[in-house]
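What the coordinates show
Chain by chain, the residues:
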4 protein chains.
Amino acid sequence: MLVSTQLKDAFLSVRQQTMRLCEPLQPEDYVVQPIADVSPPKWHLGHTTWFFETFVLPHSPGYRVFSPEYNYLFNSYYESVGARVVRTDRGNMTRPAVKDIYAYRAYVDEAIMAFLESDTSDTKEVRNLIELGLQHEQQHQELLVTDMQYILGNNPLFPVYAPKSNQATIPFAVAKENYVDIKSGLYSIGYDGTGFCFDNERGVHQVYLHPFRVSDRLVTNGEYLEFMEDGGYTLFVHWLQEGWEWVKQGAIRSPLYWHKINDQWCHYTLHGLEKITPAAPVTHVSFYEAEAFARWKGKRLLTEFEWEAACMQLNAAKPLTGNFVEANHLHPRPCPQGANQFFGDAWEWTNSAYLPYPYYQKAEGALGEYNGKFMINQMVLRGGSCATPQSHIRATYRNFFHPDKRWQFTGIRLAQYS
Amino acid sequence: MLVSTQLKDAFLSVRQQTMRLCEPLQPEDYVVQPIADVSPPKWHLGHTTWFFETFVLPHSPGYRVFSPEYNYLFNSYYESVGARVVRTDRGNMTRPAVKDIYAYRAYVDEAIMAFLESDTSDTKEVRNLIELGLQHEQQHQELLVTDMQYILGNNPLFPVYAPKSNQATIPFAVAKENYVDIKSGLYSIGYDGTGFCFDNERGVHQVYLHPFRVSDRLVTNGEYLEFMEDGGYTLFVHWLQEGWEWVKQGAIRSPLYWHKINDQWCHYTLHGLEKITPAAPVTHVSFYEAEAFARWKGKRLLTEFEWEAACMQLNAAKPLTGNFVEANHLHPRPCPQGANQFFGDAWEWTNSAYLPYPYYQKAEGALGEYNGKFMINQMVLRGGSCATPQSHIRATYRNFFHPDKRWQFTGIRLAQYS
Amino acid sequence: MLVSTQLKDAFLSVRQQTMRLCEPLQPEDYVVQPIADVSPPKWHLGHTTWFFETFVLPHSPGYRVFSPEYNYLFNSYYESVGARVVRTDRGNMTRPAVKDIYAYRAYVDEAIMAFLESDTSDTKEVRNLIELGLQHEQQHQELLVTDMQYILGNNPLFPVYAPKSNQATIPFAVAKENYVDIKSGLYSIGYDGTGFCFDNERGVHQVYLHPFRVSDRLVTNGEYLEFMEDGGYTLFVHWLQEGWEWVKQGAIRSPLYWHKINDQWCHYTLHGLEKITPAAPVTHVSFYEAEAFARWKGKRLLTEFEWEAACMQLNAAKPLTGNFVEANHLHPRPCPQGANQFFGDAWEWTNSAYLPYPYYQKAEGALGEYNGKFMINQMVLRGGSCATPQSHIRATYRNFFHPDKRWQFTGIRLAQYS
Amino acid sequence: MLVSTQLKDAFLSVRQQTMRLCEPLQPEDYVVQPIADVSPPKWHLGHTTWFFETFVLPHSPGYRVFSPEYNYLFNSYYESVGARVVRTDRGNMTRPAVKDIYAYRAYVDEAIMAFLESDTSDTKEVRNLIELGLQHEQQHQELLVTDMQYILGNNPLFPVYAPKSNQATIPFAVAKENYVDIKSGLYSIGYDGTGFCFDNERGVHQVYLHPFRVSDRLVTNGEYLEFMEDGGYTLFVHWLQEGWEWVKQGAIRSPLYWHKINDQWCHYTLHGLEKITPAAPVTHVSFYEAEAFARWKGKRLLTEFEWEAACMQLNAAKPLTGNFVEANHLHPRPCPQGANQFFGDAWEWTNSAYLPYPYYQKAEGALGEYNGKFMINQMVLRGGSCATPQSHIRATYRNFFHPDKRWQFTGIRLAQYS
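Residues numbered from 1 in each chain as written. Chains lettered and ligands numbered in written order. Predicted model: local features only at pLDDT ≥ 70, side-chain atom pairs only at ≥ 80, totals over all residues. Heavy atoms only, no water.

1. What to know about the overall build of chain A
Summing up its helical and strand segments, chain A has 9 helices and 12 strands in all. Out of the 418 residues belonging to chain A, those deemed buried represent 63%. Expressed as a percentage of contacts within chain A between residues at least 6 apart in sequence, the contacts between residues at least 24 apart total 79%. Surface exposure of chain A reaches about 15,600 Å², of which carbon and sulfur atoms provide 53%. (Helix = DSSP H or I, 4+ residues; strand = E, 2+ residues; numbered from the N terminus. Buried < 20%, exposed > 50% of the residue type's maximum accessible area, 1.4 Å probe, protein only. Contact = heavy atoms within 4.5 Å. Areas by Shrake-Rupley, 256 points an atom, 1.4 Å probe, with all protein chains shown as cover.)

In structure tokens, the structure reads:
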């Protein structure tokens, strides 16, 4: 748990980072919801603020709610906290305007900072709630980035979100691929540290793993192109049945954001439309595509337990902290050169369904809705991506999405049995 | 046809009126499309400008297109003029930003004005195209108003578009209803004047009408409430089969924008949420509701031919010009006091399907798509509403919508056979 | 109105004809509902029987209902007569079995015949109801034929319903097409005879027609093929907007039941899969296709009023009775040679929407649901087809379907203004 | 692997059992497909026969295919074996008629028996394929029973499939519930016997289990009613998010087939409509309902690994063989009295997703489509039900369905951590 000064610093830093991420936006960009998965940036700004107002500020004596209607507008899914705008209607709410939401943020930030100055805030419960609010906001920072990419990337003008920095234009060299051996045995899975973790990481438990080998880098665009050129999307034999239906129904022929222009594969990135870099990790693939690619290659995906064991072993010298580099954080980075950057380029689909660990108990009340109720029909992703805040990356973190989703920075790591 | 000076004045006046209508909007309000029928205000601004750029400015030597991508973005439905954003995707296009579209408008306006100064513009074809462009823009002005009402009226904050003027708050007195006799005989239907009309009004032809009687005012909110309180929405016997399905599927219980708040019926208007005025004309009803109301009342709707004949007879003293009053133009106005204001309070559903008149020929090329291709599955509305530009109202004007639509200012006039 | 002996004869004849039409069926064929429009033959058998049980037999003292559940099962749409199986669920009702329904028919037939022997049945109301029941059953005979064609024609085995008779194989000669002049003037429209007609034909009224010319035969398969080969289905310029959407969404490329096999156009008929006969009338086209064809050809469709006037004039020598020929009744017949067979080969799409005639009043009670409640969103067809019982054809008959429907024997007659 | 005589006996026995199950059907019952999950009985008969014709008989020299079109009609999902009727269209195929399919069965049965008499059939591959065909047919026997229940149970006449035997009417006594301790440790999971198993059971591997306690009987109808009466279906707090959506969208209020009639809960069984027996195991619940019930009860579901370990331990005295009792096989049987009948009353939802075991390899070719391609979005069920053939039940058997499915005999077993 963070002590008070650290908490204030962390609070300001996280809250400001959210606004910094929005700087390149026009007011219009804040509003829309092109698909149900993608929330309007405006909504992210309001919702993360609502979280503090709803869960923290009731502990602050005398706090007056900014506007009673905002609970209805910015409650995401907490059924315990009353009625809410249905998710698919978020993109039709033009009011409150962006400036009103910034006013809301300022109002709540001020209230939180004042609260943190007072004695009443110095309880474990309040500190925990604020830390949860910051972790929550960091999750939304990642969604902000990926949602903005979707909003801009589906516009026929392909607007640039951020110009390319010099560092980002360093050419990729294809990294040689090595398979690393992981021994069989009982592994301890789950978070047993003293820092923050989500409830779904708790419940440290033993998992027996058979011996396996794991690639030390992600699959590249160039490798994925080979799959495409080998008819990967046209042969059902590579696919799970529901993956195959997804391919046919959506007429899927490439990762998300890829466009073939004058016989050259390009993709939309936050720097605009660019040629594919063959040596860079492929991203924006669904679980179905990741699984089909692995099958085509004669390999397989890791389970989330294998992933965690491999990550612990390979990153032992230096604890996994992610390699979130500000200057470069909006584009998949060069393939890693060593073990220290082993993970964190893209979220890696595992072949594990998102289910509770042994002894998992969801929290009481509205906060209990945070994770547990999603434990069905989704697959676990591990690692982190260029859009993940650095301090948010850890080896035990369990991300999860439905197997057809691909607007996150999702990639592929291969494995096989020894 | 308008002569050149008039044309310039008309051009500036219409173009400025469009922008005036948008003044109360926030940038965010310009973007969204809550249902397929409702286009983003931003899109209306761009599309009406695109119309001049596409159909008029190619006649202006040396004109350079503002941006080639705008054809794709702002082509509404003209299949002859190339690919276009699918209608239901309009609300996801955050770029070009509102300010870019205003720049586009200014650019095209300047080009048109310069063109009108030059000799090359002085042809019948050009003058016709500009006049068509202005009529087109006036149609979109009405849609702008009704679309903004929908966008704001479906926001839980119920924002005010325009504060109520003093004039608008004059209390309504319930007008006595009189039925006027119209004699049987052959009537000439269609536009035979020398001014502007749309192609669907042409083809003057004879229609034989049996004698009938027509109400001299629209059905009021108070009368409609009687229908509601008599179980109008719960008894299928009043309804057409597809109307009944529409009622059940949409759980329809009142006109659009009506809300029962603390046992009091209110409705959202452009002045915000207000109590229902019993003496005002009911608006925002579908054809299904209009037809069911008439059946419940033991009356019927007019055909469009009866409507035109009645309008001609009753407005003979003073040609129908509409009673568009600027100060009051965003709210149904008081019931008319005399024959001169007989029509124009709300669009009146007729029991005529939208089909071609005898000898109807659609125009060649893209402009031929203006009207003719919609002649199926829609019902004709006659009259005009408080959102219709005054100069756009005429007795032969044929408006048309699908029978379930009700986001326009649509009302009910009753009739019966003599 | 029919006198008693005639009524008994008519009753037996119509009821037996229904069963004769089902003779080629396997029990399995009676059950399914491949699309919502197509009812299971079993359901037609039950529903036509239910009609007599529900509307006639309550007048017969002491009649005991066959089975109370049958009202729920065989009520088609009469909302006044209680709950019913939703239309799209008809095809899942395997019980009552076919033999049970034949037992139901026998039970009700016996009850009706006994009732007709008694004095109590000798009232105008009863005779009217029986006649309505028989007309209703004849309508379902036509649907039985077209529904069976759909059920068998969508089976990959293309089963033969009826082998081809010798008469039916007489080769078609392409009939020369003549355009006949119809003068302008006031025409009397609607049924004014003393026989049976439906309520939607009543309300004889005057309609003024401008002069026009009408083809003396239907459009042929050969002519329709020219349209197809000229890219008719690929050029939106021929189509109404909603027709074009229908073409694209359904990937429509030919009339219903047409299959291109080894470069030869074939179609499924009730005789099985056959080569297209170029000289035969094209059938199984939607209103959209009929309208697009006419536009492509530089012609137009008739209104229903023009159709009725033309039919009256051309068939004056011999009243229109239809040319239903038993031996041949399951295939479009040769093009007519003379005026007497001017109409009745296929239902002819008109460019009139199905709306009430002046003075139209729907009947009281459940029978009032027969026609009036469908008067929206449908187009009128006139004439009759090879599947229409001969006695059911008359010049004033108003058939109606949605503009996308084409599982009936629907064809095209062209017209133009003089 | 079965030796030849056994194989012939097994073949005849399994094939006859399929037909015995169909004896109570009317021809009409064989045809329909009320929901996509439920195949027409006719289709099961054809498809199981097609399996032998397609995979076994090509090994029999000189075999002539019964009808080439049957591959298209009865191929269920094997994409490798050519085009097929789309699944949701199965219920519209009235031909081939039931009698044709019985002829097809007889033809193929004869060919298989003749083949088994010959030398050419005496290979491991052929014997394996026949055994797989029989196991496949047994799977379809269970589906036949559950599909027939759905077809008849959704008919408003609630037809009886099989009258109740005396044995079946023995009243249930509520069994006391005991929780049995299972120790922590490494367990061997998967099939390591010499008999038949499916590929998804292979790959024996070690799984570490934490200690837990498991109920010795299934949840009863009476216990489930308590959940219902406690508002189980109305409080989201018990539900997974997607389960809650499922409840709301489907207006779910009870298990499938339950009807409240005159304030008494009844359910449709293959004996017809009956009162609920409180002491009998609840069946026809979805995973969502099973999981919500367990959460409400303060317990949880087992993982499939825990289930297998518990089953092995508790059934050690007598290997699990299922307790399929012919006379009683169409109704959930009395709660088990001892360890020997510990499992097999109903399929038990586990909280494990259906995913590959370590080292899992799907078979080559079309047979490889049997299991592997379904390993996404489904949950594992263990045990077996009254509709499962006795010889088809084994402790390692992995059944799987989507979490919303409940037309199988699916039930609930509770567990908790020690």
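2. Notes on the pattern of salt bridges
Residue and element names in this part refer to chain A. In the structure shown here, the tally under the stated rule is 79 salt bridges over all chains. Among the salt bridges present, the one from E304 reaches R382, with a minimum N-O distance of 2.8 Å. Here R382 lies in strand β9 (residues 379-382) and E304 lies in helix α9 (residues 304-314), a separation of 78 residues in the sequence. Classification of E304 by relative accessible area gives buried; the value is 1%. (Salt bridge = Lys/Arg side-chain N within 4 Å of Asp/Glu carboxyl O.)

3. A short note on the packing of helix α1 (residues 4-22) of chain C against helix α2 (residues 41-55) of chain C
All names here are of chain C. At a minimum axis separation of 11 Å, α1 and α2 run at an interaxial angle of 165°. Judged on the interaxial angle alone, α2 and α1 are roughly antiparallel. Between α1 and α2 lies a crossing of left-handed hand. Across from F11, R15, T18 and C22 in α1, the residues of α2 making contact are L45, T48, T49 and F52. Split by residue class, the contact of α1 with α2 holds 4 nonpolar, 3 polar and 1 charged. (Axes fitted to C-alpha atoms, helices over the stretch in contact; angles between N-to-C directions. Parallel < 35°, antiparallel > 145°, perpendicular 65-115°, else oblique. Left-handed = near helix turned anticlockwise from the far one by under 90°. Nonpolar A, V, L, I, M, F, W, Y, C, P; charged D, E, K, R; others polar.)

4. As for the interface of chain A and chain D
Contacts between chain A and chain D engage 40 residues on the former and 40 residues on the latter. For the pair chain A and chain D, the two sides together bury roughly 3,300 Å², of which 58% comes from carbon and sulfur. Sorting the residues of chain A by area buried against chain D places A:Q241, A:Y359 and A:I376 first, and these three jointly supply 18% of that buried surface. For the pair chain A and chain D, the number of links is 0 salt bridges. (Buried area = accessible area lost by both parts, 1.4 Å probe.)

5. A closer look at the sheet that holds strand β4 (residues 212-215) of chain B
Residues and elements named next belong to chain B. Strand order in the open sheet formed by 3 strands is β1-β4-β12, and the pairing between neighbours is antiparallel. Of all strands in the sheet, those bounded by a partner on one side alone are β1 (179-182) and β12 (415-417). Neighbouring strand axes in the sheet, compared pairwise and without regard to direction, differ in orientation by 25° on average. As paired strands, β1 and β4 are joined by 4 bridges and run antiparallel to one another. Bridge pairing links D181 to R213 in β4. (Pairing = 2+ DSSP bridges.)

6. Quick notes on the environment of B:E131
With respect to the helices and strands, the residue B:E131 is situated in helix α5 (residues 124-153). B:E131 sits 65 residues away from B:F196 along the chain, and the two C-alpha atoms are 7.9 Å apart.

7. Considerations on the packing of aromatic side chains
Applying the stated criterion to the full structure yields 144 aromatic pairs over all chains. Ring centres 3.9 Å apart and planes at 10° place the aromatic pair D:Y354 and D:F400 in the stacked group. Here D:F400 lies in strand β10 (residues 399-401) and D:Y354 lies in the loop between β8 (347-353) and β9 (379-382), a separation of 46 residues in the sequence. Each member of the pair, D:Y354 together with D:F400, is buried. An aromatic cluster of at least three residues, connected via ring pairs, comprises A:Y63, A:F66, A:Y70, A:F74, A:Y104 and A:Y107. Positioned over the ring face of A:W43 is A:R90, at 3.6 Å from the centre of the ring. (Phe/Tyr/Trp six-rings, centres within 6.5 Å; stacked < 30°, edge-to-face > 60°. Lys NZ or Arg CZ within 6 Å of the ring centre and 35° of its normal.)

8. Structural notes on the relation of the copies chain A and chain D
Of the transformation placing chain A onto chain D, the axial shift is 0.0 Å and the rotation is 180°, giving an RMSD of 0.0 Å. These values place the two chain copies in the arrangement generated by a two-fold rotation axis. Interface residue correspondence from chain A to chain D reaches 100%, placing this contact among same-surface, isologous pairings. (Least-squares fit on C-alpha atoms with pLDDT ≥ 70 in both.)

9. Thoughts on helix α1 (residues 4-22) of chain A
Each α-helix winds once per 3.6 residues, and so residues spaced three or four apart point in a common direction. The end-to-end C-alpha distance of α1(A), which contains 19 residues, comes to 28 Å, matching closely the 27 Å that a straight helix rising 1.5 Å per residue would cover. Taken together, the buried positions of α1(A) are A:L7, A:K8, A:F11, A:V14, A:R15, A:Q17, A:T18, A:L21 and A:C22. (Expected span 1.5 Å × (residues − 1).)

10. Considerations on the nonpolar core
With 396 residues, the main nonpolar core has A:I412, B:I412, C:I412 and D:I412 as its most contacted residues. Not counting residues up to four positions away in its chain, the partners in contact with B:I412 are B:L218, B:V219, B:Y224, B:V282, B:V285, B:A290, B:F293 and B:L301. Membership of the second largest hydrophobic core comes to 17 residues, among which are C:Y187, C:F212, C:W307 and C:A415. (Core = buried A, V, L, I, M, F, W, Y, C linked by side-chain atoms within 4.5 Å.)

11. Points about the confidence of the model for chain A
All names here are of chain A. In the predicted model, chain A carries a mean pLDDT of 88, and the fraction of residues at 70 or more is 88%. Note that pLDDT drops below 50 for residues 317-341; the model gives that stretch 72 contacts with residues more than four away or on any other chain. Here the prediction assigns the complex a pTM of 0.93, and the interface score ipTM is 0.93. (pLDDT = per-residue confidence, 0-100.)

12. Quick word on the relation of the copies chain B and chain C
The two copies are related by a screw operation: chain B maps onto chain C through 180° of rotation and 0.0 Å of translation along the axis, at an RMSD of 0.0 Å. Most of the interface of chain B is mirrored in chain C, where 100% of its interface residues are also at the interface.

13. Points about the interface of chain B and chain C
Contacts between chain B and chain C engage 40 residues on the former and 40 residues on the latter. Buried area between chain B and chain C, both sides added, is near 3,300 Å², and the carbon and sulfur share of it is 58%. The tally of links between chain B and chain C comes to 0 salt bridges. At the junction of chain B with chain C, the criterion picks out 11 residue pairs in polar contact (both at pLDDT 80 or more). Secondary-structure elements contributing two or more residues to the side of chain B that touches chain C are β3 (205-209), α7 (241-250), α8 (287-296) and β8 (347-353) of chain B. (Polar contact = N/O pair within 3.5 Å; in protein donor to acceptor, adjacent residues only side chain to side chain.)

14. Some details on the sheet that holds strand β7 (residues 272-275) of chain A
All names here are of chain A. The antiparallel open sheet is built from 3 strands, whose spatial order is β5-β6-β7. Of all the strands in the sheet, the pair left with one neighbour each is β5 (258-261) and β7. Neighbour-to-neighbour, the strand axes of this sheet turn through a mean angle of 35°, independent of strand direction.

15. Let's talk about the pairing of strand β6 (residues 264-269) of chain D
All names here are of chain D. In terms of burial, β6 is largely enclosed, as 5 of its 6 residues are buried. The pairing of strand β5 (residues 258-261) with β6 spans 4 bridges and is antiparallel. Paired with W258 across the strands is H267, a residue of β6. Joining the antiparallel neighbours β5 and β6 is a turn of 2 residues, in which N262 adopts a positive phi near 50°. Pairing analysis gives 4 bridges linking β6 to strand β7 (residues 272-275), with the strands arranged antiparallel.

16. Some points on the side chain of B:T269
Residues and elements named next belong to chain B. Relative to the helices and strands, T269 resides in strand β6 (residues 264-269). A relative accessible area of 4% means that T269 is categorised as buried. There is a polar contact of 3.0 Å between the side chain of T269 and the backbone nitrogen of H271.

17. Quick look at the pairing of strand β4 (residues 212-215) of chain A
It is a general feature of regular strands that their side chains alternate between the two faces of the sheet. One ladder, built from 3 bridges, connects β4(A) with strand β12 (residues 415-417) of chain A; its direction is antiparallel. By the bridge assignment for β12(A), A:F212 is matched with A:Y417.

18. With respect to unusual backbone geometry
Residue and element names in this part refer to chain A. Here the residue pair R95 and P96 is connected by a cis peptide bond, since its omega of -5° sits within 30 degrees of zero. Secondary-structure assignment places P96 in the loop between α3 (69-74) and α4 (98-117). Of note, the phi angle at Y257 is positive, near 80°, even though the residue is not glycine. With respect to the helices and strands, the residue Y257 is situated in the loop between α7 (241-250) and β5.

19. Some thoughts on the packing of helix α1 (residues 4-22) of chain B against helix α4 (residues 98-117) of chain B
Residue and element names in this part refer to chain B. Their axes nearest at 10 Å, the elements α1 and α4 cross at an angle of 170°. With respect to α4, the element α1 is oriented roughly antiparallel. Within the contact between the two elements, α1 uses S4, L7, K8, F11, L12, R15, T18, M19 and C22 and α4 uses Y102, R105, D109, I112, M113, L116 and E117. Considering only residue class, the contact of α1 with α4 consists of 9 nonpolar, 2 polar and 5 charged.

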